[in-house]
Amino acid sequence: MSAVPGSEDYCAALAPFWHPVLRVEDLGEGPHGCELLGRPLTVFRLNGELACLDDVCRHFGASLSLGDVTGSGLRCHYHGWTYGLDGRCVDIPARRGVAIPREARVRSYPVEERYGLVWASLVEQPAHPIPEFPEHGDDRYHLTPIRAYGEWRATAPRIVMGALDDTHFPWVHPGLLGDPAHPEPPDHEAFREGEYLVSRYTTLQPANETISGQDGSGELEPVTYTNWCTPTTIRLRKEGPAGTYAIYQAMCPLGPDRSLVFLQMARDFDRDPERDQSYLEFEDQIQDQDRPVIESQRPWLLPPLSARMTLFVRPADLPLIAFQRWMEELGVPQV
Ligand code: FES
Ligand SMILES: [Fe+2]
């Protein structure tokens, strides 16, 4: 576990949530090693069913992800112990013909496939549902392939805050999402709704494909954003002149200062799949611009409001203040 102060509280607060650990398309034939909140896990599929187990063999502690999936389970590469979907050992090749000891098992975790991602939780009964992506599976929307941006050296709530924050648009994304000549913030609404913190605002953005369905003129056009956040995910819905453009961005908190970033877009205009590349390149560019800034933020975990280490500007930073308050209620990271 990392030496980041507050990391145990951070991991404990995020444990009751579902988290995306990999893309379904990356699972492949064999087991796939992943990490969640400092825990090494292995995910595999047996007879069509998914399993997620601790990635530490009960025999001599080798990584089960080095093994193979056979007809009866996940077989460790070191001495062939084989584990079923529930983590129970079903075969010890060096000791066949006698009962397998009850202790010969590894912990198993809830695992589900949703929106092209494999989701896992470290608790038996997750207290929160997998964050919704209603545009996925809605025929009016065309989906781009899921992007896996790999590991960012940042805490997941800070990445969510980066997407929730619009006042950086003119500075980090000039000409794409904002205009430095117009740094004035829009009026924000921010409120809690069920499992989410929601923020809504209307702003002016330089016309581009995500607004106009084509490379735009750069003229400013009005768009309305509605964002639904959880501590580690955000769905942004942008309504502009051409239609609705949605981004579903889900982070996997590997540890307190490292997160995987997954992202998928949906649009109800310009639906030709041949146009996807252009949207993907646009979003890749936005992420490339955000990443060094988010990774540079200190401290790693959000400091409590009372520490006044973050000097929020009111009313411009209203959604971020609301997010931070909610994180404090949930007990997510305080240093
Ligand atoms: S370490 Fe896995 S079978 Fe020996
Ligand atoms: Fe950004």
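See the structure printed just above.
As a starting point, this report considers the structure included with it. Computed from a predicted model, the values in this text were never measured in an experiment. Counting starts from 1 at the beginning of each chain's written sequence and moves along it residue by residue. For this description, chains carry letters from A and ligands carry numbers from 1, given in the order in which they are written. Predicted model: local features are reported for residues with pLDDT of at least 70 only, side-chain atom pairs are reported and counted for 80 or more only, and whole-chain, interface and lining totals are derived from all residues. Note: side-chain values were computed over all heavy atoms of the structure, leaving out hydrogens and water.

1. Quick notes on helix H2 (residues 156-164)
This is how the line gets drawn: When a residue's accessible area, from a 1.4 Å probe over protein chains only, is under 20% of the maximum for its type it is buried; when over 50% it is exposed; and in between it is partly exposed. Here a strand is any run of E in DSSP of at least two residues, a helix any run of H or I of at least four, and the numbering for each starts at the N terminus.
Within H2, nine of the nine residues are buried, leaving the element largely enclosed by the surrounding structure. Those residues of H2 not exposed but buried are Ala156, Pro157, Arg158, Ile159, Val160, Met161, Gly162, Ala163 and Leu164.

2. Details of the sheet that holds strand S5 (residues 68-69)
Threshold: Note on pairing: DSSP must find at least two bridges between two strands before they are called paired.
A sheet is described by the order of its strands in space; here four strands give the open sequence S5-S6-S7-S8, paired in antiparallel fashion. In the strand order of this sheet, the two ends are held by S5 and strand S8 (89-91), each with one partner.

3. What to know about the coordination of the iron ion (ligand 2)
Counted only if it meets this: Water is not part of the atom set, so a site may look incomplete; the donors themselves are N, O and S atoms within 2.8 Å of the metal, or 3.2 Å for Na, K and Ca. In this scheme the shape depends on donor count and angles: four donors with every angle between 85 and 135 degrees give tetrahedral, four or six donors with opposite pairs above 155 degrees and others between 65 and 115 give square planar or octahedral in turn, and any other case is irregular.
Around the iron ion (ligand 2), the protein contributes the donor atoms His168 (NE2), His173 (NE2), Asp290 (OD) and Asp290 (OD), which lie 2.0 to 2.5 Å from the metal centre. One way to put it: the four donor atoms around the iron ion (ligand 2) meet at angles of 57 to 153°, and that makes the site irregular. Read in sequence order, the donor residues coordinating the iron ion (ligand 2) give the pattern H-x4-H-x116-D. Overall, the relative accessible area of 12% leaves His168 in the buried class.

4. Regarding unusual backbone geometry
Between Arg298 and Pro299 the backbone carries a cis peptide bond, its omega angle lying at -10°. With respect to the helices, strands and loops of the structure, Pro299 is situated in the loop between helix H5 (276-296) and helix H6 (318-330). In this chain, Arg314 is followed by Pro315 through a cis amide linkage whose omega measures 0°. Mapped onto the fold, Pro315 is located in the loop between H5 and H6. Notably, Asn47 is not glycine yet its phi reads approximately 50°, a positive angle. Mapped onto the elements of the fold, Asn47 is located in the loop between strand S3 (39-46) and strand S4 (49-54). Overall, Asn47 belongs to the exposed group, its relative accessible area being 71%.

5. Considerations on empty space enclosed by the protein
Selection criterion: Here a cavity means grid points, on a 1 Å grid over the protein atoms only, where a 1.4 Å probe fits yet cannot get out; a pocket means an open set of points with protein on both sides within 12 Å along at least five of seven lines; lining residues are those with an atom within 4 Å of a point. Grid points are joined across faces, edges and corners, and a volume is the space filled by probe spheres set on the points.
In this structure the tally under the stated criterion is four cavities of 30 Å³ or more. Size it by volume and the largest cavity reaches roughly 240 Å³. In terms of lining, the largest cavity is formed by 21 residues, of which the most central are Leu177, Leu236, Ile247, Glu283 and Ile286. Going through the elements one at a time, H2, strand S17 (233-240), strand S18 (243-255) and H5 are the ones with two or more residues in the lining of the largest cavity. Here the lining of the largest cavity gets six residues from one element, more than from any other, and that element is H5. Taken as a whole, the second largest cavity spans an internal volume of roughly 80 Å³.

6. Some words on the layout of surface pockets
As a reminder, the rule being used: Ten residue types, Ala, Val, Leu, Ile, Met, Phe, Trp, Tyr, Cys and Pro, are classed as nonpolar, four, Asp, Glu, Lys and Arg, as charged, and the remainder, Gly among them, as polar.
Of the pockets and cavities examined, the largest pocket occupies roughly 430 Å³. Lining the largest pocket are 22 residues, and of these Arg158, Asp165, Gln297, Thr310 and Leu320 lie nearest its centre. Elements that contribute at least two residues to the lining of the largest pocket include exactly H2, helix H3 (169-172), H5 and H6. When its volume is computed, the second largest pocket comes out at roughly 220 Å³. In this structure, the second largest pocket is lined by 17 residues; those nearest its centre are Pro170, His182, Glu184, Thr203 and Leu204. Sorting the residues of the lining of the second largest pocket by element identifies H3 and strand S15 (196-206) as the ones contributing at least two each. Here the lining of the second largest pocket is built from residues that sort into eight nonpolar, six polar and three charged.

7. Quick look at the environment of Glu124
With respect to the helices, strands and loops of the structure, Glu124 is situated in the loop between strand S11 (117-120) and strand S12 (142-143). A sequence separation of 15 residues divides Glu124 from Tyr109, and the C-alpha atoms of the two residues are 6.6 Å apart.

8. Thoughts on the packing of aromatic side chains
The condition that has to hold: Centres within 6.5 Å are what make two rings of Phe, Tyr or Trp a pair, Trp counting through its six-membered ring; a difference in plane orientation under 30 degrees is then read as stacked, over 60 as edge-to-face, and the rest as tilted.
As enumerated under the stated definition, the model contains nine aromatic pairs in all. Consider the rings of Phe60 and Tyr78, whose centres lie 6.5 Å apart with planes at 75°: the pair is edge-to-face. Highlighted residues: Phe60 in the loop between S4 and S5 and Tyr78 in the loop between strand S6 (74-75) and strand S7 (82-83), separated in sequence by 18 residues. We classify Phe60 as exposed; its relative accessible area is 57%. On the basis of relative accessibility, which here comes to 55%, the residue Tyr78 falls in the exposed class. Between Tyr201 and Tyr225, the ring centres sit 5.2 Å apart and the planes meet at 25°, which makes this aromatic pair stacked. Placement of Tyr201 in strand S15 and of Tyr225 in strand S16 (residues 220-229) is noted, with a sequence separation of 24 residues between them. We classify Tyr201 as buried; its relative accessible area is 1%.

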